[in-house]
Amino acid sequence: MALTDDFDLGALALGPGEGRRLSLDVRLAPFALGGQTYRGRDASQPVVLDVARLSGSGYSLRLRLSARMTGPCVRCLEEAAPELGVDAREVDQPGGGEELDSPYVHDDVLDLAGWTRDAVSLALPTQVVCRPECAGLCAVCGANLNQAGPEHRHERAPDRRWAKLSELRFD
Ligand SMILES: [Zn+2]
Ligand SMILES: [Zn+2]
C-alpha cells in the first residue's frame, strides 16, 4: 500500500472554487504519553482529505479520520484500544496573514503525515483507559481489580500510631 507523507496539492490542478475528496493512507508514528507508548493498530492510517481551491489563491483543507490506537491502560496496564475521531481544518492563503498561513502547507505541498500526527495527538485523552469503569490495580498487592472482583480486600494493617497509644497507661 502506498503511504502518503507529503501530498502535492498543486498536482490536483484545481481551478478556483474547485474541490476534490481523496482517500489516502498515512504513516502514523507512535506517541509517547505519560511515560507510555501508544501506536496505531495498523501499519497505515486511512484518512479522508477534502481539498478546495480558494478563489484567488490558496486552499481550504479538511482532514477526517478514525484512529485505531493501542497501548497500556493507565489504571490496570492491560491493553487499551482507544478509537479517536478527528475532524480538522486548515486554510492556507498566501498573503492572507498569519491566521491564513497553515504550518502544514509549503509551496502547494501538504505535510499530511505531520498534520495527521498533530491532529491525533490533540484527540488523545490525557489518560488512556481500557474502559471508563476500569477498576485499576489493588494499591496493596497489585492485583488487577477487574479480574479480582469487588470482594478483593486485605486485612487492614494495624496503624502504628494507635499501637503506641495503647501502650500508654492512664493512672
Ligand atoms: Zn484498565
Ligand atoms: Zn490486593
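Treat the numbers as computed from the prediction; the structure is a model and nothing was measured.

Visitor: So what exactly am I meant to see when it comes to the confidence of the model for the chain here?
Guide: Regions with low pLDDT should not have their predicted coordinates read in detail. Across the chain, pLDDT averages 90, with 91% of residues at or above 70. Averaged pLDDT values over the elements of the chain bottom out at 63 in helix 3 (residues 160-167) and peak at 97 in strand 10 (residues 109-111).

Visitor: Got a minute to help me understand the nonpolar core in this structure?
Guide: One broad rule of soluble globular proteins: the nonpolar side chains tend to lie buried together. If you look at the biggest cluster of nonpolar residues, it comprises 36 residues, and the most contacted ones within it are Leu49, Val51, Leu110 and Val120. Among the elements of the structure, strand 2 (19-27), strand 5 (44-53), strand 6 (59-72), strand 8 (83-92) and helix 1 (112-123) are those that each provide at least two residues to this core. With six residues, strand 6 is the single largest residue contributor to this core.

Visitor: I'm lost on the coordination of the zinc ion (ligand 1) in this one. Help?
Guide: For a metal with four donors in a tetrahedral arrangement, the ideal angle between donors is 109.5 degrees, while six donors in an octahedron ideally sit at 90 or 180 degrees. Only Cys73 (SG), Cys76 (SG), Cys130 (SG) and Cys134 (SG) from the protein coordinate the zinc ion (ligand 1), and they sit 2.3 to 2.4 Å from it. Classification of the site at the zinc ion (ligand 1) as tetrahedral follows from its four donor atoms and the range of 106 to 113 degrees in their angles at the metal. Mapping the donors of the zinc ion (ligand 1) onto the primary sequence gives the spacing C-x2-C-x53-C-x3-C. Like Cys73, the residue Cys76 is buried in the burial classification.

Visitor: Teacher, can you tell me more about helix 1 here?
Guide: Given 3.6 residues to a turn, an α-helix orients residues that are three or four positions apart in the same direction. Here helix 1 is twelve residues long and its end C-alpha atoms lie 16 Å apart, about the 16 Å a rise of 1.5 Å per residue gives. Of the residues making up helix 1, those classed as buried are Leu112, Ala113, Gly114, Trp115, Thr116, Ala119 and Val120.

Visitor: Could you clarify how one ought to interpret the sheet that holds strand 9 (residues 105-106) in this entry?
Guide: The strands that make up a sheet are held in pairs by hydrogen bonds between backbone atoms, and each pair lies either parallel or antiparallel. Spatially, 1-10-9 is the arrangement adopted by the three strands of the open sheet, whose pairing is antiparallel. With one partner strand each, in any of the chains shown, strand 1 (6-8) and strand 9 form the two edges of the open sheet. In the sheet, strand 9 pairs with strand 10 via two bridges, with the strands oriented antiparallel. The partner of His106 across the bridge, within strand 10, is Val109. Those strands touched by helix 1 are strand 1 and strand 10, and its axis lies near 35 degrees from that of strand 10.

Visitor: Would you mind going over unusual backbone geometry with me for this structure?
Guide: The general pattern is negative phi for most residues beyond glycine and trans for most peptide bonds. Despite not being glycine, Ala13 has its phi angle at roughly 50 degrees, a positive value. Note that Ala13 resides in the loop between strand 1 and strand 2. Of note in this structure, Asp107 is not a glycine but carries a positive phi near 50 degrees. Locating Asp107 in the fold gives a position in the loop between strand 9 and strand 10. The exposure class of Asp107 is exposed, given its relative accessible area of 76%.

Visitor: I would appreciate a short explanation of the coordination of the zinc ion (ligand 2) in the present structure.
Guide: Around the zinc ion (ligand 2), the protein supplies Cys138 (SG), Cys141 (SG), His152 (NE2) and His154 (NE2) as donor atoms, at distances of 1.9 to 2.3 Å. Here the zinc ion (ligand 2) is ringed by four donor atoms whose angles at the metal span 106 to 114 degrees, and the overall shape comes out tetrahedral. For the zinc ion (ligand 2), the single-chain donor residues occur in sequence as C-x2-C-x10-H-x1-H. Taken as a pair, Cys138 in the loop between helix 1 and helix 2 (145-148) and His154 in the loop between helix 2 and helix 3 lie far apart in primary sequence, 16 residues in all. A relative accessible area of 36% means that His154 is categorised as partly exposed.

Each value, and the rule that gives it
- Residues numbered from 1 in each chain as written.
- Chains lettered and ligands numbered in written order.
- Predicted model: local features only at pLDDT ≥ 70, side-chain atom pairs only at ≥ 80, totals over all residues.
- Heavy atoms only, no water.
- pLDDT = per-residue confidence, 0-100.
- Helix = DSSP H or I, 4+ residues; strand = E, 2+ residues; numbered from the N terminus.
- Core = buried A, V, L, I, M, F, W, Y, C linked by side-chain atoms within 4.5 Å.
- Buried < 20%, exposed > 50% of the residue type's maximum accessible area, 1.4 Å probe, protein only.
- Donors = N, O, S within 2.8 Å, 3.2 Å for Na, K, Ca; no water.
- Tetrahedral: all angles 85-135°; square planar, octahedral: opposite > 155°, others 65-115°.
- Expected span 1.5 Å × (residues − 1).
- Pairing = 2+ DSSP bridges.
- Contact = heavy atoms within 4.5 Å.
- Axes fitted to C-alpha atoms, helices over the stretch in contact; angles between N-to-C directions.

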